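# Summary of structural features
Below, each chain spelled out in residue letters.
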Amino acid sequence: MSISLQKGQKVSLTKPGGGTLTRVKMGLGWDAVAKRGLFGKGKSQSIDLDASCLLFDAGGNLADQVWFRQLRSKDGSVLHTGDNLTGEGEGDDEVINVDLQNVPANVTQLVFTVNSFTGQDFSQIANAFCRLVDETTGQEIARYDLSGAGQHNAQIMAKVSRDGDGWSMTAIGATATGRTFQHLLPAVATHL
């Protein structure tokens, strides 16, 4: 059963029958809002949202990053499946897979961000969501709707943190401005 996350909500990533999740997938999906044409016709536009995963150590230092220009973490525990330039199609448009058991011991937090590389703000983006899926079963664990309209073109979506022997996820949902994750680093730092 999936949990619909609210901003700031924290969810343990312990399996219902006990044990902790070992492999998770963060999916990002979206659609472009049709623009009104000269004669009232809807004109579709391409919107390139990008999902990124930032790996931080206990001191809050950026240890690694996975994004459309680096699809794999240095240790191979985090893998981005590729850049979707339009948001066309159903379901997840971009996916980041995380092997939690192999995340380096010095990494204490994974922060997931989304930004509009083409610069459109979220008022031009519809049906935007991120979701966390147990990769071993395919079951959706949590979903966070990102579809709130606004003048921002980026969001700090969620963080996954070491929590004892396991991991927990916190929905952040903070708005930001920036076309790549590098522009978001000052805003991300306030959520570590």
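Here is a short report on the structure shown in this document. (Residues numbered from 1 in each chain as written. Predicted model: local features only at pLDDT ≥ 70, side-chain atom pairs only at ≥ 80, totals over all residues. Heavy atoms only, no water.)

## Section: the overall build of the chain
When its secondary structure is counted, the chain shows one helix and 14 strands. When contacts within the chain are restricted to residue pairs at least 6 apart in sequence, those whose partners lie at least 24 apart make up 68%. With the model as given, the accessible surface of the chain reaches about 9,000 Å², and the carbon-plus-sulfur share is 49%. (Helix = DSSP H or I, 4+ residues; strand = E, 2+ residues; numbered from the N terminus. Contact = heavy atoms within 4.5 Å. Areas by Shrake-Rupley, 256 points an atom, 1.4 Å probe, with all protein chains shown as cover.)

## Quick look at the packing of aromatic side chains
By the definition in use, this model includes three aromatic pairs. Here the aromatic rings of Trp67 and Phe181 are separated by 4.9 Å at their centres, their planes lie at 80°, and the arrangement is edge-to-face. Residue Trp67 is found in the loop between strand S7 (62-66) and strand S8 (78-80), and its partner Phe181 is found in helix H1 (residues 181-189); the two are separated by 114 residues along the sequence. An identical accessibility class is assigned to Trp67 and Phe181; each is buried. An angle of 70° between the planes, with centres 5.2 Å apart, marks the rings of Phe68 and Phe117 as edge-to-face. Here Phe68, found in the loop between S7 and S8, pairs with Phe117, found in the loop between strand S10 (107-116) and strand S11 (125-134); they are 49 residues apart in sequence, far enough to count as distant. Taken together, the ring pairs connect Trp67, Phe68, Phe117 and Phe181 into an aromatic cluster. Directly above the aromatic system of Phe129 lies the positively charged group of Arg143, at a separation of 4.4 Å from the ring centroid. When the ring centre of Phe117 is taken as origin, the NZ or CZ atom of Arg179, which lies over that ring, is 4.8 Å away. (Phe/Tyr/Trp six-rings, centres within 6.5 Å; stacked < 30°, edge-to-face > 60°. Buried < 20%, exposed > 50% of the residue type's maximum accessible area, 1.4 Å probe, protein only. Lys NZ or Arg CZ within 6 Å of the ring centre and 35° of its normal.)

## Brief notes about the nonpolar core
In this structure, Val98, Leu110, Phe112, Leu146 and Met157 are the most contacted members of the largest nonpolar core, which totals 35 residues. Listed by contribution, the elements that provide at least two residues to this core are strand S3 (23-32), strand S6 (49-57), strand S9 (94-99), S10, S11, strand S12 (139-145), strand S13 (154-163) and strand S14 (166-176). In contact with Leu110, not counting residues within four places along its chain, are Cys53, Leu54, Leu55, Val98, Leu100, Ala158, Lys159 and Val160. Counting residues in each nonpolar core, the second largest holds 13 residues, with Val111, Ala154, Ile156 and Ala176 among its members. (Core = buried A, V, L, I, M, F, W, Y, C linked by side-chain atoms within 4.5 Å.)

## Details of the side chain of Lys159
The residue Lys159 is located in strand S13 in this model. Although Lys159 lies buried, it forms no salt bridge, and the closest oppositely charged side chain, Asp163, sits 11 Å away as judged by the N-O distance. One polar contact links Lys159 to Gln109, side chain to side chain, over a distance of 3.3 Å. Those residues within four positions of Lys159 in sequence are excluded, and the remaining contacts are Gln109, Leu110, Val111, Ser168, Met169, Thr170, Ile172, His191 and Leu192. (Lys, Arg positive; Asp, Glu negative; His and termini not counted. Salt bridge = Lys/Arg side-chain N within 4 Å of Asp/Glu carboxyl O. Polar contact = N/O pair within 3.5 Å; in protein donor to acceptor, adjacent residues only side chain to side chain.)

## What about the pairing of S13?
Within S13, eight of the 10 residues are buried, leaving the element largely enclosed by the surrounding structure. Bridge count between S10 and S13: seven bridges; the pairing is antiparallel. Note on S13: the bridge partner recorded for Val114 is Gln155. Counting the residues that bridge the hairpin from S13 to S14 gives two residues, and of these Gly164 lies at a positive phi of roughly 70°. (Pairing = 2+ DSSP bridges.)

## Observations concerning the pattern of salt bridges
All chains considered together, the criterion is met by four salt bridges. Between Arg23 and Asp99 there is a salt bridge, and its shortest N-O distance comes to 3.0 Å. With Arg23 in strand S3 and Asp99 in strand S9, this pair connects stretches of sequence that are 76 residues apart. Assessed through its relative accessible area of 12%, Asp99 is described here as buried. Measuring nitrogen to oxygen at the nearest pair gives 3.0 Å for the salt bridge that ties Glu140 to Arg131. Each member of the pair, Glu140 as well as Arg131, is classed as buried. One salt-bridge network, in which partners are shared between bridges, spans Arg23, Asp99 and Glu135.

## Some points on H1
Three or more residues of H1 are buried, namely Phe181, Leu184 and Val188. Viewed end-on, H1 has its buried residues packed into an arc of 55°, placing them on one side of the element. For H1, exposure combined with an orientation more than 90 degrees from the buried face picks out His183 and Pro186. On its buried face, H1 is in contact with S6, S7, S10, S13 and S14. (Arc of directions from axis to C-beta.)

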